Amino acid sequence: MISLYAFMGALEQGTAFGLMVLGVYLTFRVLDFPDLTVDGSLPLGAAVSAVAISNGYHPLIGMSMAMGAGFIAGAVTGILNTKFKILHLLASILTMISLYSINIRIMGRPNMTLLGQDTLIDQFLELTGLAPHFSTPILFAIISGAALLALIWFLKTSFGLAMLATGDNPRMITSLGVNRDMMIIFGVGLSNSMVALSGALVAQNQGAADVNMGIGTIIAGLASVIIGETLFGKGSVSRAMLSALLGSIVYRIAIALALGMKLGDFSFTPSDLNLITAVLVVTALVSPQIKAGLLKRGRA
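Treat the numbers as computed from the prediction; the structure is a model and nothing was measured.

In this section: the overall build of the chain. Scanning the chain for helices and strands turns up 13 helices and four strands. Relative to its length of 300 residues, the chain is compact, with a C-alpha radius of gyration of 20 Å against a globular reference of 19 Å. C-alpha extents for the chain along the principal axes are approximately 55 × 50 × 35 Å. With 300 residues in all, the chain has 47% of them scored as buried. Across the chain, every contact between residues at least 6 apart in sequence was considered, and the portion connecting residues at least 24 apart equals 76%. Summing over all exposed atoms, the chain offers an accessible surface of approximately 14600 Å²; the carbon and sulfur share of this is 67%.

This is the structure:
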């Protein structure tokens, strides 16, 4: 069983990282663009917002600046791929490793604390008067829900539909006169702006920004997308994006359950996180096949 405190913590992380998952969904499913930039853009958002807040800017301004920085990082990956014909994976890796040095330059050191700074979480806590383990998940759920609705609305516009078509059928969209390169650049930029916003929230929640906090981000994002699609389906774009967000929450709850599990003298530790993630992704991928096989046997 999982305690209420652990459950609220998983809900808190699931909604905070849910913004990152929505960004990964945009590149992974909408644009069909495998993007590893997110491992660098998440700490980029954390670094930019931390520096902004530490210099007296309002947290919302810091988060907006983080989104802008994330968009630029994603756009660079898109430009490397479309204009310089560098393979998307290599282009994103080049941007990601560059961001490691850039993030250190932004903070002036590998990490920066936000202790004693007035964050958005502190302001929301004062506004609601709730306990921190209740108010923070509510705040993150509001922000993630608003981002989800905004993305659903955007993808239903003519520009958003063109972006969907770009990932689905590049030749057709090019024949219709749409600038495919611009769509990819904007789409990857938008994706990484969401990831950077997630990084800004995570930094405020953890009380610090760290240059290494983005390691494994793409794995967690893909795991959440796959788990969400397996459990909640992926019919329409709206449903698929909601499934991805819910998948982020389920993923974090599963991690919390696994870390609290004990089998005799054996128990998982935080160092086993990547192993747990791999097992969850494999389970999510093979479960539909197992279910189909069982149904086929039942009918026989």
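Inspection of the secondary structure assignment puts K85 in the loop between α4 (59-82) and α5 (88-107). In this structure K85 comes out as exposed when scored by relative accessible area, which is 65%. Remark: the alpha-carbon pair of K85 and G116, spanning 31 residues in sequence, is separated by 46 Å.

About the cut-offs
One numbering rule holds for all chains: residues counted from 1, following each sequence as written. Local features in this predicted model are restricted to residues of pLDDT 70 or higher, and side-chain atom pairs are both shown and tallied only at a pLDDT of 80 or more, whereas totals for entire chains, interfaces and linings draw on every residue. To get the side-chain values, all heavy atoms of the structure are used, and hydrogens and water are removed first. By definition, any uninterrupted DSSP run of H or I lasting at least four residues is a helix, any uninterrupted run of E lasting at least two residues is a strand, and each is numbered from the N terminus. Values of the radius of gyration come from C-alpha atoms, whereas the globule rule sets the reference at 2.2 Å times the count of residues to the power 0.38. Each residue's exposure class comes from its accessible area (1.4 Å probe, protein chains only) as a fraction of the maximum for that residue type: buried when under 20%, exposed when over 50%, partly exposed otherwise. Contacts are assigned to residue pairs that have any heavy atoms within 4.5 Å of one another. For the accessible areas, the method is Shrake-Rupley and the probe is 1.4 Å, while residue cover comes only from the protein chains on display.

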